[in-house]
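A closer look at the structure
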Amino acid sequence: MKAIVLGSGAWGTALAIVLADNGHETWLWDHNAQRAAEVEKSRVNPKLSGVTLPEGLRATGDIACLTGAELVVCATPSIAVRETGVKMAPYISKDTVVVTVSKGIERDTNLRMSEILQETTGNICKVAALSGPSHAEEVSRRMPTGCVAACSDRRAARFVQDAFMNDYFRIYTSYDIVGVELSAALKNVIALSCGVCDGLGLGDNTKALLMTRAMAEITRLGEDMGGSRRTFGGLAGMGDLIVTCTSMHSRNRRAGILIGQGKTAQEAMAEVGAVVEGYYAAESVWQLARREGVEMPICQCIYEVLYQGKQAKDVVRELMTRAKKDELLEKTWM
Ligand SMILES: NC(=O)c1ccc[n+]([C@@H]2O[C@H](COP(=O)([O-])OP(=O)(O)OC[C@H]3O[C@@H](n4cnc5c(N)ncnc54)[C@H](O)[C@@H]3O)[C@@H](O)[C@H]2O)c1
């Protein structure tokens, strides 16, 4: 099978390695032709130190590599997904399966990544989402990892499962693309919040409290928007939340630590030096929560820290002194 991965960053490269390992004719495309040429020549990606690209994997800056592709993986940062969807559109047919692996919600429209790709490709192909607890640094070293391939079309979900699954990359299928994509975007906001806790010098108790109550919020919003409750307790939900909130691989968490230590959001993002998707998702989630009338106190607080200049230590106190609640009598719990 011919497979193309759009975006030769850390995650795109790791996924291209998986596809090449599985014997597919695999191309890694980058919008920066010079970067693609460097990867093709050096056979390494600077973001994945110590990993050499498999021989069968080719890198290119020519978007025409999409010609005849059966599988197209969009692995750009979420802010570049629309632009990439427009570029890929002329090469997509009804037989192509497109997979989004970007984690975010589009600013202004509040669309999920698969919705953007459906829109830009004129709804002619199946679009799936692949997500789960998966650091590129570990997948590219072939460390055992599990993800979910979600699509409302079960055949397309199984197609993605077959393309990626091997003895170090285990794929489950799911019909719940809404839940999987919302989990992916929302966990970045919570990873940022956990980083803030770390930056404030708070402990493991605080982080466990934050992650667990955040999952209640994610489930509330996710169910309200049509996601399945079970997804939020699964690999793309709880699994990804755990890995992102506890690992230094997460740029969202690293940005949060800097904010907890007193930096502004802009200073923290500049220091991290890469797109901090949780920053943008925090605004979208705040808008969605208001639109849907869903109570999301943790997301509300992190929004106020990021966008309204509230002090992190003040919102911790605010959250801790909210009205008394019964854990089991909430409208939604997993
Ligand atoms: N890094 C991970 O471990 C990981 C794991 C799962 C999902 N993801 C998701 O995958 C996506 C990519 O993350 P990453 O870590 O690979 O990022 P990265 O910063 O390493 O790479 C991003 C890639 O996108 C390309 N790009 C940037 N702007 C572009 C544009 N306007 N048009 C086309 N391409 C553009 C860059 O050239 C680069 O190749 C994100 O949405 C992230 O949440 C990452």
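Keep in mind the model is a prediction, meaning the values are calculated, not measured. (Residues numbered from 1 in each chain as written. Predicted model: local features only at pLDDT ≥ 70, side-chain atom pairs only at ≥ 80, totals over all residues. Heavy atoms only, no water.)

On to unusual backbone geometry. Positive phi values are uncommon outside glycine, yet Arg43 reaches one of about 65°. Structurally, the position occupied by Arg43 is in the loop between helix H2 (33-42) and strand S3 (58-60). For Arg142, which is not glycine, the phi dihedral falls at a positive 60°. Assignment of secondary structure puts Arg142 in the loop between helix H5 (136-139) and strand S7 (145-150). (Helix = DSSP H or I, 4+ residues; strand = E, 2+ residues; numbered from the N terminus.)

Surrounding the ligand, one finds 24 residues, the nearest of these being Asp30, Arg35, Ala136, Arg251 and Glu277. Here an oxygen atom of the ligand and a side-chain polar atom of Arg35 are 2.6 Å apart. Here an oxygen atom of the ligand and a backbone polar atom of Ser134 are 3.5 Å apart. The protein chains hide 87% of the 830 Å² of surface that the ligand would expose on its own. (Near = heavy atom within 4 Å. Polar contact = N/O pair within 3.5 Å; in protein donor to acceptor, adjacent residues only side chain to side chain. Areas by Shrake-Rupley, 256 points an atom, 1.4 Å probe, with all protein chains shown as cover.)

Time to look at the domain arrangement of the protein chain. Assigned domains within the protein chain: domain 1 (2-175) and domain 2 (178-320). Here the C-alpha centroids of domain 1 and domain 2 sit 25 Å apart. At the interface, 27 residues of domain 1 touch 26 residues of domain 2. Across the interface of domain 1 and domain 2, roughly 2,300 Å² is buried in total on both sides, 63% from carbon and sulfur atoms. Among the residues of domain 1 in contact with domain 2, Lys103, Ile105 and Arg107 are the three that bury the most area, contributing 27% of the side total. (Domains from an automatic or database assignment. Contact = heavy atoms within 4.5 Å. Buried area = accessible area lost by both parts, 1.4 Å probe.)

Let us look at the packing of helix H7 (residues 177-199) against helix H14 (residues 297-308). At a minimum axis separation of 10 Å, H7 and H14 run at an interaxial angle of 70°. In terms of axis orientation, H7 runs roughly perpendicular to H14. In the packing of H7 onto H14, the handedness of the crossing is left-handed. Taking contact as the criterion, the partners of Val189, Ile190, Leu192, Ser193 and Val196 in H7 are, on H14, Ile298, Cys299, Ile302 and Leu306. The residue makeup of the contact of H7 with H14, split by class, is eight nonpolar, one polar and no charged. (Axes fitted to C-alpha atoms, helices over the stretch in contact; angles between N-to-C directions. Parallel < 35°, antiparallel > 145°, perpendicular 65-115°, else oblique. Left-handed = near helix turned anticlockwise from the far one by under 90°. Nonpolar A, V, L, I, M, F, W, Y, C, P; charged D, E, K, R; others polar.)

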